[in-house]
Amino acid sequence: MPGAECNGLGHGGNVNSVRGAVSLETVVTLAHQEDAVAQCVLGTYYEFGRGVPRDLHAAIKYYQLSANQGLAEAQYTLGLKYARGIGVYQNFGESLQWLIKAANQQHIPAMVTLSEASLTGRYASAGYNLDVVRGRNLLNQARVLCKEGYNIRRDTLDWVET
């Protein structure tokens, strides 16, 4: 499935297609009704102060709610926050768990991130050791998904194609 379905938002696309496509009031309402995509979008609004005061604590809360429901985009985003210590204490083990969950759903940026980690040993402290074969396999899987037309940001696609 190329991207997260928008559940109650009615757009039938991925999270990126929803941002800015519906009103803040609608996003908030749906997020409070436990719509995973709306929760992820609301997390983004709080992270960057789009229509709401910038609040990393609230952003993490909504990313977490969405990730717990299995939305790959939220899992990936939460994985990056834990890796970088943005809004949470830096925790490579927690980061790795979320990135793996997203990658297992064929989330291409998560697959590329884990590929890079495998090739560099970046998450070795969390038990994800240097493994060139695993890194190349993940990268090849991401390439195949890109060729199959999965939604992907252009900068990530450029990285995968090199």
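Since the model is a prediction, treat every value here as computed from it, not as a measurement. (Residues numbered from 1 in each chain as written. Predicted model: local features only at pLDDT ≥ 70, side-chain atom pairs only at ≥ 80, totals over all residues. Heavy atoms only, no water.)

Asker: Quick one: what's the story with the overall build of the chain, residue by residue and with numbers?
Answerer: Looking only at helices and strands, the chain has nine helices and zero strands in total. Starting at the N terminus and ending at the C terminus, the chain contains elements arranged as α-α-α-α-α-α-α-α-α. Per-residue burial over the chain gives 46% buried out of 162 residues. A separation threshold of at least 6 residues defines the contact pool for the chain, and within that pool the share at least 24 residues apart is 44%. When the accessible area of the chain is evaluated, it comes to approximately 8,200 Å², of which 49% is carbon and sulfur surface. (Helix = DSSP H or I, 4+ residues; strand = E, 2+ residues; numbered from the N terminus. Buried < 20%, exposed > 50% of the residue type's maximum accessible area, 1.4 Å probe, protein only. Contact = heavy atoms within 4.5 Å. Areas by Shrake-Rupley, 256 points an atom, 1.4 Å probe, with all protein chains shown as cover.)

Asker: Which residues make up the nonpolar core, and what values go with them?
Answerer: The biggest cluster of nonpolar side chains holds 25 residues, and the ones touching the most others in it are Val27, Leu42, Tyr45, Tyr46, Tyr63, Leu71 and Leu78. Of all the elements, helix H3 (residues 36–48) adds the most residues to this core, at eight residues. Sequence-distant contacts of Val27, that is, excluding residues within four places in its chain, are made with Val22, Ala38, Val41, Leu42 and Tyr45. With 20 residues, the next largest nonpolar core counts Tyr76, Ala110, Tyr128 and Leu138 among its residues. (Core = buried A, V, L, I, M, F, W, Y, C linked by side-chain atoms within 4.5 Å.)

Asker: Explain unusual backbone geometry to me, using residue names and the numbers behind them.
Answerer: Although it is not a glycine, Glu34 adopts a positive phi angle of roughly 70°. Glu34 gets classed as exposed once you look at its relative accessible area, which sits at 56%. Unlike most non-glycine residues, Gln106 shows phi in positive territory, near 65°. By secondary structure assignment, the location of Gln106 is in the loop between helix H6 (92–103) and helix H7 (108–120). Gln106 gets classed as partly exposed once you look at its relative accessible area, which sits at 36%.

Asker: Tell me what's going on with the packing of helix H2 (residues 24–32) against H3, and back it up with residues and numbers.
Answerer: Viewed as axis vectors pointing N to C, H2 and H3 meet at an angle of 125°, and their least axial separation amounts to 8 Å. Compared by their axis directions, H2 and H3 come out oblique. Handedness of the H2/H3 crossing: left-handed. Counting all contacts with H2, which are made through Leu24, Val27, Val28, Leu30 and Ala31, the residues of H3 involved are Ala38, Gln39, Val41, Leu42 and Tyr45. For the contact of H2 with H3, a count of residues per class yields nine nonpolar, one polar and no charged. (Axes fitted to C-alpha atoms, helices over the stretch in contact; angles between N-to-C directions. Parallel < 35°, antiparallel > 145°, perpendicular 65-115°, else oblique. Left-handed = near helix turned anticlockwise from the far one by under 90°. Nonpolar A, V, L, I, M, F, W, Y, C, P; charged D, E, K, R; others polar.)

Asker: So what about the environment of Ser23? Which residues, and what values?
Answerer: Examined against the element boundaries, Ser23 turns out to sit in the loop between helix H1 (15–18) and H2. With 28 residues separating them in the primary sequence, Ser23 and Gly51 have C-alpha atoms 9.8 Å apart. Among the polar contacts made by the side chain of Ser23, one reaches the side chain of Thr26 at a distance of 2.8 Å. (Polar contact = N/O pair within 3.5 Å; in protein donor to acceptor, adjacent residues only side chain to side chain.)

Asker: Report on the packing of aromatic side chains, specifying residues and quantitative values.
Answerer: Per the stated rule, a full pass over the model turns up two aromatic pairs. Look at Tyr46 and Tyr62: their rings are 5.9 Å apart centre to centre, the planes differ by 0°, and that puts the pair in the stacked class. One end of the pair, Tyr46, is in helix H3; the other, Tyr62, is in helix H4 (residues 56–68), and 16 residues separate them in sequence. With a centroid separation of 5.5 Å and an interplanar angle of 85°, the aromatic rings of Phe92 and Tyr123 are classed as edge-to-face. Of this pair, Phe92 sits in helix H6 while Tyr123 sits in the loop between H7 and helix H8 (132–147), and the two are 31 residues apart along the sequence. Taking relative accessible area as the criterion, Phe92 reaches 26% and is therefore assigned partly exposed. Over the ring of Trp98 we find Lys101, and its NZ or CZ is 4.6 Å from the ring centre. Taking NZ or CZ as reference, Arg134 lies 3.7 Å from the ring centre of Tyr128, over its face. (Phe/Tyr/Trp six-rings, centres within 6.5 Å; stacked < 30°, edge-to-face > 60°. Lys NZ or Arg CZ within 6 Å of the ring centre and 35° of its normal.)

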